[in-house]
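For reference, the chains in residue letters:
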Amino acid sequence: PPPANAPLYEGVNPLGEAPFADRAALLKQIDDFARAADPRVVQVMASIAGEWQVIEIIRADGARVADIRPLVRLNISIVLEENGKRESGGHGAGGRSGYGAYIAPDFWQNAVREAIRQAEVNLNAVAAPAGEMPVVLGPGWPGILLHEAIGHGLEGDFNRKQTSAFAGLMGSRIASKGVTVVDDGTIPGRRGSLTIDDEGTPTSRTVLIEDGILTGFIQDRQNARLMNMRATGNGRRQSYAHAPMPRMTNTIMLGGQDSKADMLASVKRGLYAVNFGGGQVDITSGKFVFAASEAYLIENGKITTPVKGATLIGNGPDALTKVEMIGDDMALDPGIGTCGKNGQGVPVGVGQPTIKLSGLTVGGTAA
């Protein structure tokens, strides 16, 4: 086979690394460990998956490029029952490597404990308040909001067709000062990273928003050519049977200088959202809706009661202008993202520091 590109990830083949019987035994161990860890556990769902993709591209100009792409992901979801009430929690992780890191006992045992912790938080949660309020988003995985609400709107095809809420705004201020967003496919080992995209273009670190100013789009070769711009290494497709199009890799808001403690202290009454489940966005209007899977009330500058049923409702371009404070704790997600577009799914990553938004509409069940 063609050689792997060593700088970004190993050419290890996960499929030959851990036999099926070993992986099945691991899932049984996870189930046993979870049930022994907490007597309230009534259901354990766990999966471990690996793939090994070998691609070779012959371009119209005769250039031949190749890549070998490993990918592994571990998922654990747990349901707790207490006094007839059931709640779930989950944790997962993955990246472009072999199974080694994820089948290590310390790793999966910590993942089980984290899933149980989340379920316990939800058992003790009260109905979320509703209305407009300051929102503090935690670091790491909450960057999925950035991915959906802003990232898709900065993909080249939507801007070429003038269907994005950001169309025609290149060079304009679209976010608060201090907000810098990049799409970086070159971070070693990350789920969204690629040595080359699916058109053979090397991936890159593309600055999309710099200090609040729109400076770039995510481009494949076709849209870059039609827009007289540079291809950024974001031409991606689910498999050889699909057409490539502009897709994100790892979409990240860079860190600032504010502390989480200062952000919380500045909020009299608001929401602290740590984890998210599903969400959706309308590319043309920029409107988004996200469900928080772990969130807490902020009262008089302190994190207090956990809440459930909280949804964040807003508009991507508008939300960026409401960023008031940017944390010094930028983190990447644990490696669980899959992005859907036009019926195609591809692995992606997100990241951000803790950030404070001055006001978002929170949908809940309590006044």
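In what follows, the accompanying structure is described. (Residues numbered from 1 in each chain as written. Predicted model: local features only at pLDDT ≥ 70, side-chain atom pairs only at ≥ 80, totals over all residues. Heavy atoms only, no water.)

Description of the overall build of the protein chain
For clarity, the threshold we go by: Segments assigned H or I by DSSP are reported as helices when at least four residues long, segments assigned E as strands when at least two residues long, and all are numbered from the N terminus. We take the radius of gyration over the C-alpha atoms and set the globule estimate at 2.2 Å times the residue count to the 0.38 power. To sort residues, take the accessible area from a 1.4 Å probe on protein chains only and compare it with the maximum for the residue type: under 20% means buried, over 50% means exposed, and anything in between is partly exposed. The contact definition used throughout considers only heavy atoms, calling two residues in contact when any of these lie within 4.5 Å. In short, Shrake-Rupley with a 1.4 Å probe defines the accessible areas, and a residue's cover is counted only from the protein chains shown. In this count, Lys and Arg are taken as positive residues and Asp and Glu as negative ones, while His and the chain termini are left out. Note that the charge is assigned to NZ on lysines, CZ on arginines, CG on aspartates and CD on glutamates.
Regarding its fold elements, the protein chain presents eight helices and 20 strands. Relative to the 2.2 N^0.38 estimate, which gives 21 Å for 367 residues, the radius of gyration of the protein chain is 21 Å and therefore close to what a compact globule would have. When its C-alpha atoms are laid out on the principal axes, the protein chain stretches across 65 × 55 × 35 Å. Counting over 367 residues, the protein chain shows a buried share of 51%. Within the protein chain, contacts between residues separated by at least 24 positions form 75% of all contacts whose residues are at least 6 apart in sequence. A total of about 15300 Å² of accessible surface is found on the protein chain, and carbon and sulfur atoms cover 52% of it. Here the protein chain holds 35 positive side-chain charges and 38 negative ones, and the gap between their average locations is 3 Å.

Structural notes on the nonpolar core
To be explicit about the condition: For the purposes of this section, nonpolar cores are sets of buried Ala, Val, Leu, Ile, Met, Phe, Trp, Tyr and Cys residues that join through side-chain atoms within 4.5 Å.
If you look at the biggest cluster of nonpolar residues, it comprises 44 residues, and the most contacted ones within it are Leu137, Val179, Ile209, Leu271, Phe276 and Leu312. Looking at this core, the elements that each hand over two or more residues are strand S5 (131-137), helix H4 (143-151), strand S7 (205-210), strand S12 (269-281), strand S13 (287-299), helix H8 (316-320), strand S16 (323-326) and strand S20 (355-363). In this view, isoleucine 209 contacts Ile150, Leu154, Ile174, Ala175, Val179, Thr180, Val181, Thr215 and Leu320; residues no more than four positions away in its chain are not counted. In this structure, Leu26, Val72, Tyr102 and Ala119 belong to the second largest nonpolar core, which totals 22 residues.

Points about the packing of aromatic side chains
Using the following cut-off: The criterion for an aromatic pair is that two Phe, Tyr or Trp rings (for Trp, the six-membered ring) have centres within 6.5 Å, with stacked assigned to planes under 30 degrees apart, edge-to-face to planes over 60 apart and tilted to the rest. Geometrically, a lysine NZ or arginine CZ counts as sitting over a ring once it is within 6 Å of the ring centre and also within 35 degrees of the ring normal.
Across all of its chains, the model carries five aromatic pairs by this definition. An aromatic cluster is present here, built from Phe276, Phe288 and Phe290 joined pairwise through their rings. Over the aromatic face of tyrosine 9 sits the side chain of arginine 96, whose NZ or CZ is 5.7 Å from the ring centroid.

Structural notes on H4
Burial of H4 is extensive: nine of the nine residues sit out of reach of the surface. Three or more residues of H4 are buried, namely Gly143, Ile144, Leu145, Leu146, His147, Glu148, Ala149, Ile150 and Gly151.

Side note on the packing of helix H1 (residues 20-37) against helix H3 (residues 105-123)
The cut-off we apply is this: Orientation is described by axes fitted as lines to C-alpha atoms, over the contacting stretch for helices, and by angles from 0 to 180 degrees between their N-to-C directions. Put simply, angles under 35 degrees are roughly parallel, angles over 145 are roughly antiparallel, angles from 65 to 115 are roughly perpendicular, and the rest are oblique. For any pair of crossing helices, the crossing counts as left-handed if the nearer helix is rotated counterclockwise from the farther one by less than a right angle, and right-handed if it is rotated clockwise. Residues are grouped as follows: Ala, Val, Leu, Ile, Met, Phe, Trp, Tyr, Cys and Pro are nonpolar; Asp, Glu, Lys and Arg are charged; every other residue, Gly included, is polar.
Where H1 contacts H3, the axes come no closer than 10 Å and their chain directions differ by 45°. When the axis of H1 is compared with that of H3, the two are oblique. Here H1 and H3 pass one another in a crossing that is right-handed. When H1 is examined against H3, the residues Leu26, Gln29, Ile30, Phe33, Ala34 and Ala37 are found in contact with a partner set consisting of Trp108, Gln109, Val112, Arg113 and Ile116. Of the residues that constitute the contact of H1 with H3, the class distribution is eight nonpolar, two polar and one charged.

What to know about unusual backbone geometry
A positive phi angle is found at asparagine 83, which is not glycine, with a value near 55°. One non-glycine residue, asparagine 300, adopts positive backbone phi at about 50°. Looking at the secondary structure, you find asparagine 300 in the loop between S13 and strand S14 (302-308).

Digging into the environment of valine 274
Within the secondary structure, valine 274 sits in strand S12. Through-space distance from the C-alpha of valine 274 to that of proline 142 is 6.6 Å; in sequence the pair is 132 residues apart. Other than its neighbours up to four places away in sequence, valine 274 contacts Pro142, Glu294 and Tyr296.

Topic: the sheet that holds strand S2 (residues 64-82)
Which entries qualify depends on this criterion: Each pair of strands is called paired provided DSSP finds at least two bridges between the two strands.
Strand order in this open sheet of three strands is S1-S2-S3, and the pairing throughout is antiparallel. A single partner strand is all that each edge strand has here, and the edge strands are strand S1 (41-58) and strand S3 (85-95). Mean inter-strand twist for the sheet, computed between neighbouring axes without regard to direction, equals 15°. With eleven bridges connecting them, S2 and S3 associate as antiparallel partners. Bridge pairing links valine 79 to serine 88 in S3. Packing of H1 onto the sheet brings it into contact with S1 and S2, and relative to S1 it is tilted by some 150°. Lying on the sheet, H3 is in contact with S1, S2 and S3; it crosses S3 at an angle near 145°.

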